[in-house]
Amino acid sequence: MSDKYLDLVSGGWGRSLAKKLGLPQPVPLRRTDPDSVDRPLVPGPVLVLDGGASVRAADTVAENLLGWELDVRRDPDELAKGRRWGAVVIVLTELASPADLGGPALALGGVLRRMAPGGRVVTLSRRADDAGDPAVVAARLGVDGFLRSLAKELRAGATANGIVLGDDVPVGAPSALGALRFLLSARSAFVAGQLLPVGSADGAVPADWSRPLTGRVAVVTGAARGIGAAIVAVLARDGAHVVGVDVPAAGESLSRVMNSVRGSALQLDITAQDAAARILDHVRERHGRLDVVVHNAGILRDKLLANMTPDRWDDLLAVNILAPLRMNETFVEALGEGGRIISLSSTSGIAGNRGQTNYATAKAGIIGMTRALAPRLAANGATANAVAPGFIETDMTARIPPVPRQVARRANSLQQGGRPVDVAEAIAFLASPQAGGINGQTLRVCGQNLVGQ
Ligand SMILES: NC(=O)c1ccc[n+]([C@@H]2O[C@H](COP(=O)([O-])OP(=O)(O)OC[C@H]3O[C@@H](n4cnc5c(N)ncnc54)[C@H](O)[C@@H]3O)[C@@H](O)[C@H]2O)c1
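Thresholds, definitions, all that
Residues numbered from 1 in each chain as written. Predicted model: local features only at pLDDT ≥ 70, side-chain atom pairs only at ≥ 80, totals over all residues. Heavy atoms only, no water. Buried < 20%, exposed > 50% of the residue type's maximum accessible area, 1.4 Å probe, protein only. Helix = DSSP H or I, 4+ residues; strand = E, 2+ residues; numbered from the N terminus. Pairing = 2+ DSSP bridges. Domains from an automatic or database assignment. Contact = heavy atoms within 4.5 Å. Buried area = accessible area lost by both parts, 1.4 Å probe. Salt bridge = Lys/Arg side-chain N within 4 Å of Asp/Glu carboxyl O. Near = heavy atom within 4 Å. Polar contact = N/O pair within 3.5 Å; in protein donor to acceptor, adjacent residues only side chain to side chain. Areas by Shrake-Rupley, 256 points an atom, 1.4 Å probe, with all protein chains shown as cover. Nonpolar A, V, L, I, M, F, W, Y, C, P; charged D, E, K, R; others polar. Core = buried A, V, L, I, M, F, W, Y, C linked by side-chain atoms within 4.5 Å. Axes fitted to C-alpha atoms, helices over the stretch in contact; angles between N-to-C directions. Parallel < 35°, antiparallel > 145°, perpendicular 65-115°, else oblique. Left-handed = near helix turned anticlockwise from the far one by under 90°. Arc of directions from axis to C-beta.

In terms of burial, strand 4 (residues 115-126) is a largely internal element, 11 of the 12 residues being buried. Where strand 3 (residues 85-91) and strand 4 come together, 6 bridges link them in parallel fashion. Opposite Ile 90, over in strand 4, you have Thr 123 as the bridge partner. The sheet contact formed by strand 4 and strand 5 (residues 159-165) spans 7 bridges and is parallel. Bridged to Arg 126 within strand 5 is Leu 165.

See the structure below:
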């Protein structure tokens, strides 16, 4: 799906005109190169700042970044003339008061004009609920407000996101570093203005960062096209064996998608009572194990509630929430150590959307299901998380009439729609061993859509 406005204003006279008229100026985002996935990890040197008593934590972060062969600096003045920062990491894990935020915030402000296109700002802070002292809680929540506003000020495809650590998660834990690496990399292109909670130090650094899913077996529902097909491709690129599921009517395109990654195709309707048992039989026969389930299949049956019919309501609920709930009863037992259940929610499920009472009921339900599964899975080192996409360029959104489509596309900090691959990258990250400390969460992939938080 092409975004002609973006093509027009990405360079030359179109760009100058958009600037002059004060129109949105989206730019092509920094996305992963399929031939060299994480190279370069960031588009320039990385500045590590700290606030409050976080100096030692910042040193630990800087050492780990050096281990990733990045050019790391601790002083904003250390950049040669003409060069631009690839990323700024701000370590704020030991704040005592909001007064501790002024120093690093203003230091960051001083370097923003020298951020590279597609650059990154990432904060590392701590969960507010864990602190009793009002000044500490104020400082910790202050980081959230700061980060969300900053993300709206960045330009040229740069993003700002935060990692919120539980009190007993060291900054050097694999789960903290895994989240940091994801947010610095091109894999997080359409993730903006988000605060990602890392609640535990569980998880492991993969043997090979570019193929973290080596040897894992993944099932993806709704794999024949759109976001599902992109998830299949990215999970396979990251080393997984993938089984794709879709309805028989989509059989031909399902085969094409699955053949392209040497995966296997299973035609079935996920609303069938025995769907999970059939998926499990198929997976066990071929691979002997199941590690990752991605509940991606979904449908739309939009209508204002005053015009809603029972079949539109029931069909939607059956596919988008009741099927995942039923299938999980089987999958939770079958998942191996370190298993992952990742489900597709939507920003409509968070903020609501006119004409989508049925869809938002189901997609908010996905967030609830995910939260409730988390403690059950944690006992086995497994996790359940959701991804909430905003406006993504797919067949589904191509059907929106032109004017509302243009408005929906621009209504986020990156001023453009995301691509299926952007959602797929977030899912592959949550499936990876380094995301083991993230459980029960919903990660928005929406370019900081203006709706909801
Ligand atoms: N496109 C967006 O902007 C967007 C935004 C937020 C959330 N999402 C969610 O992401 C997911 C994928 O969206 P998409 O845009 O790629 O949709 P899509 O319509 O392009 O693809 C959905 C796939 O699911 C399959 N499917 C539908 N019902 C099924 C069933 N009963 N059994 C098995 N397979 C079934 C379809 O055949 C299709 O291949 C959905 O859950 C959707 O709600 C999409």
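With that out of the way, let us pick up the domain arrangement of the protein chain. According to the domain assignment, the protein chain contains domain 1 (37-198) and domain 2 (217-445). A separation of 30 Å is found between the C-alpha centroids of domain 1 and domain 2. The interface is formed by 21 residues belonging to domain 1 together with 21 residues belonging to domain 2. Of the roughly 1800 Å² buried between domain 1 and domain 2 on both sides combined, carbon and sulfur atoms contribute 69%. On the domain 1 side of the contact with domain 2, Phe 182, Arg 187 and Phe 190 bury the most area, a combined 39% of that side's loss. Along the contact surface separating domain 1 from domain 2 lie 2 salt bridges. A salt bridge links Glu 425 to Arg 187, with the shortest nitrogen-to-oxygen separation between them at 4.0 Å.

Near the ligand you find 26 residues, and of these Arg 225, Ile 227, Asp 246, Asn 296 and Tyr 359 are the closest. Here Ile 270 contributes a backbone N or O atom positioned 3.0 Å from a nitrogen atom of the ligand. One of the backbone nitrogen or oxygen atoms of Asn 296 is found 2.8 Å away from an oxygen atom of the ligand. When the free accessible area of the ligand is taken as 840 Å², the share hidden by the protein chains comes to 94%. Those elements that place two or more of their residues in the shell around the ligand are helix 7 (226-237), helix 12 (357-378) and helix 13 (395-398). A breakdown of the residues in the shell around the ligand according to their chemical character gives 13 nonpolar, 9 polar and 4 charged.

What follows is about the nonpolar core. Leu 65, Val 89, Ile 163, Leu 180, Leu 184, Ile 231 and Leu 235 are the most contacted members of the largest nonpolar core, which totals 75 residues. Both domain 1 (37-198) and domain 2 (217-445) contribute no fewer than three residues apiece to this core. For Leu 184, the residues in contact, after removing those within four places along its chain, are Arg 30, Leu 41, Val 42, Leu 65, Trp 68, Ala 87, Val 89, Arg 120 and Val 122. Counting 35 residues, the second-largest nonpolar core is a separate cluster that includes Ile 279, Val 293, Val 332 and Leu 335.

Turning to the packing of helix 7 against helix 15 (residues 420-431), a few remarks are in order. Packing of helix 7 against helix 15 leaves a shortest axis separation of 8 Å and a crossing angle of 45°. As far as their axial angle goes, helix 15 and helix 7 are oblique. When the axes of helix 7 and helix 15 are compared, the crossing they make is right-handed. Judged by residue contacts, Gly 226, Ile 227, Ala 230, Ile 231, Val 234, Leu 235 and Arg 237 of helix 7 engage Pro 420, Val 421, Val 423, Ala 424, Glu 425, Ile 427, Ala 428 and Ala 431 from helix 15.

Our next topic: the packing of helix 9 (residues 275-287) against helix 10 (residues 310-334). One way to put it is that helix 9 packs onto helix 10 with a least axis distance of 8 Å and a crossing angle of 35°. Of the two possible hands of crossing, helix 9 and helix 10 adopt the one that is right-handed. Contacts between helix 9 and helix 10 involve Ala 275, Ala 276, Ile 279, Leu 280 and Arg 284 from the former and Met 327, Thr 330, Phe 331 and Ala 334 from the latter. Tallied by class, the residues present in the contact of helix 9 with helix 10 amount to 7 nonpolar, 1 polar and 1 charged.

In this chain, Arg 39 is followed by Pro 40 through a cis amide linkage whose omega measures -10°. Tracing the chain through its elements places Pro 40 in the loop between helix 2 (12-21) and strand 1 (46-50). At Gln 415, a residue that is not glycine, the phi angle is positive and equals roughly 55°. Relative to the helices and strands, Gln 415 is located in the loop between helix 14 (402-410) and helix 15. Taking relative accessible area as the criterion, Gln 415 reaches 17% and is therefore assigned buried.

The set of residues buried in helix 8 (residues 251-259) consists of Gly 251, Ser 253, Leu 254, Val 257 and Met 258. Seen along its axis, helix 8 keeps its buried residues to an arc of 165°; they face one direction. More than 90 degrees from the buried face of helix 8, the exposed residues found are Glu 252, Arg 256 and Asn 259.

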